[in-house]
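# Topology and contacts: notes
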Amino acid sequence: MNYWLLKSEPDSFSFNDLERALNKRTVWDGVRNYQARNIMRDDMQAGDLVFFYHSSCPIPGITGICRVTQTDIIDPSSLDPSSKYFDPKSSLEKPRWITIEVEAVEALPKIIPLKEMHQHEALANMVLLNRSRLSVQPVREDEWHYLLNNM
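Structure report, in brief. (Residues numbered from 1 in each chain as written. Predicted model: local features only at pLDDT ≥ 70, side-chain atom pairs only at ≥ 80, totals over all residues. Heavy atoms only, no water.)

When helices and strands are tallied, the chain shows five helices and six strands. Put simply, the chain runs from its N terminus to its C terminus through helices and strands in the order β-α-β-α-β-β-β-α-α-β-α. Here the chain has a C-alpha radius of gyration of 15 Å; the compact-globule value for 151 residues is 15 Å, and the two agree. In terms of its C-alpha atoms, the chain occupies a principal-axis envelope of roughly 45 × 30 × 30 Å. Taking contacts inside the chain between residues at least 6 apart in sequence as the whole, the part at least 24 apart equals 72%. Looking at the chain as shown, the accessible area adds up to about 8300 Å², and 47% of this sits on carbon and sulfur atoms. Charged side chains in the chain number 17 positive and 21 negative. The centres of these two groups are separated by 5 Å. (Helix = DSSP H or I, 4+ residues; strand = E, 2+ residues; numbered from the N terminus. Rg over C-alpha atoms; globule rule 2.2 N^0.38 Å. Contact = heavy atoms within 4.5 Å. Areas by Shrake-Rupley, 256 points an atom, 1.4 Å probe, with all protein chains shown as cover. Lys, Arg positive; Asp, Glu negative; His and termini not counted. Charge placed at Lys NZ, Arg CZ, Asp CG, Glu CD.)

It is worth spelling out the packing of aromatic side chains at this point. A full pass over the atoms with the stated rule returns seven aromatic pairs. When the ring of Y3 is compared with that of W144, the centres are 4.8 Å apart and the planes differ by 35 degrees; the resulting orientation is tilted. Of this pair, Y3 sits in strand β1 (residues 3-8) while W144 is found in helix α5 (residues 141-150), placing the two residues 141 residues apart along the sequence. Here W144 falls in the buried class, since its relative accessible area comes to 2%. Here F51 and W144 contribute two aromatic rings whose centre-to-centre distance is 3.8 Å and whose plane-to-plane angle is 20 degrees, an arrangement assigned as stacked. (Phe/Tyr/Trp six-rings, centres within 6.5 Å; stacked < 30°, edge-to-face > 60°. Buried < 20%, exposed > 50% of the residue type's maximum accessible area, 1.4 Å probe, protein only.)

On the secondary structure map, T99 appears in strand β5 (residues 98-113). Judged by relative accessible area, T99 falls into the buried class, the value being 1%. If sequence neighbours within four positions are ignored, T99 has contacts with V27, W28, D29, M40, T71, D72, I73 and D75. At 2.4 Å, the side chain of T99 and the backbone oxygen of W28 are in polar contact. (Polar contact = N/O pair within 3.5 Å; in protein donor to acceptor, adjacent residues only side chain to side chain.)

Those residues of α5 that fall on the buried side of the exposure criterion are E143, W144 and L147. The buried side chains of α5 occupy one side of the element, clustering within an arc of 105 degrees when seen end-on. Packed against the buried residues of α5 are β1, β3 (49-54), β4 (61-74), β5, α3 (114-117) and β6 (136-139). (Arc of directions from axis to C-beta.)

Structurally, S14 can be placed in the loop between β1 and α1 (15-20). By relative accessible area, S14 is classed as buried at 9%. For the pair S14 and A124, spaced 110 residues apart in sequence, the C-alpha separation works out to 26 Å.

Moving on to the sheet that holds β6. What the six strands build is an open sheet, ordered β2-β5-β4-β3-β1-β6; its pairing is mixed. Lying at the two open borders of the sheet, with one neighbouring strand each, are β2 (25-27) and β6. The sheet shows a mean angle of 35 degrees between the axes of neighbouring strands, taken without regard to direction. Judged from the six bridges that link them, β1 and β3 form a sheet pairing that is parallel. Paired with L5 across the two strands is F51, which belongs to β3. Together, β1, β3, β4, β5 and β6 form the strand contacts of α5, whose direction differs from that of β3 by roughly 60 degrees. (Pairing = 2+ DSSP bridges. Axes fitted to C-alpha atoms, helices over the stretch in contact; angles between N-to-C directions.)

Here's what the structure looks like:
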């Protein structure tokens with residue numbers, strides 16, 4: 001199993017929105033960064049666990065845990081002309097944007113704030129704390145367990 005972190009602005013889609021979604025699942029659409037797309041396309045597998053991270057908000061941080069339920073999905077927003085994520089160069093035959101489906105596992109009892117994560121030496125090499133702009137990123141197993149057991 002691998003571990004990941006997905007960022008979302010809570011004003012656009014929050015962990016609470018995921019919990020309220022049909023079957024507590026959603027397609028993680030609208031990602032338009034090739035590196036993030038490649039992670040979802042090439043590295044993520046069904047069953048992998050994911051931290052759900054709220055960004056661009058008063059207290060950015062990890063709010064919940066979700067699980068990858070399906071991979072290799074053509075991003076539906078890339079094919080929808082009414083979507084702000086529409087890509088005229090993408091098609092069913094030659095999709096440019098591949099995504100995943102995730103399901104809510106559990107909300108954390110309290111948010112793990114980004115500010116607090118920066119204070120822990122055990123997390124010093126965490127991608128989130130070094131390349132925080134990437135919306136889909138790996139989390140090492142030791143970081144995953146540290147965050148759940150020490151924060």
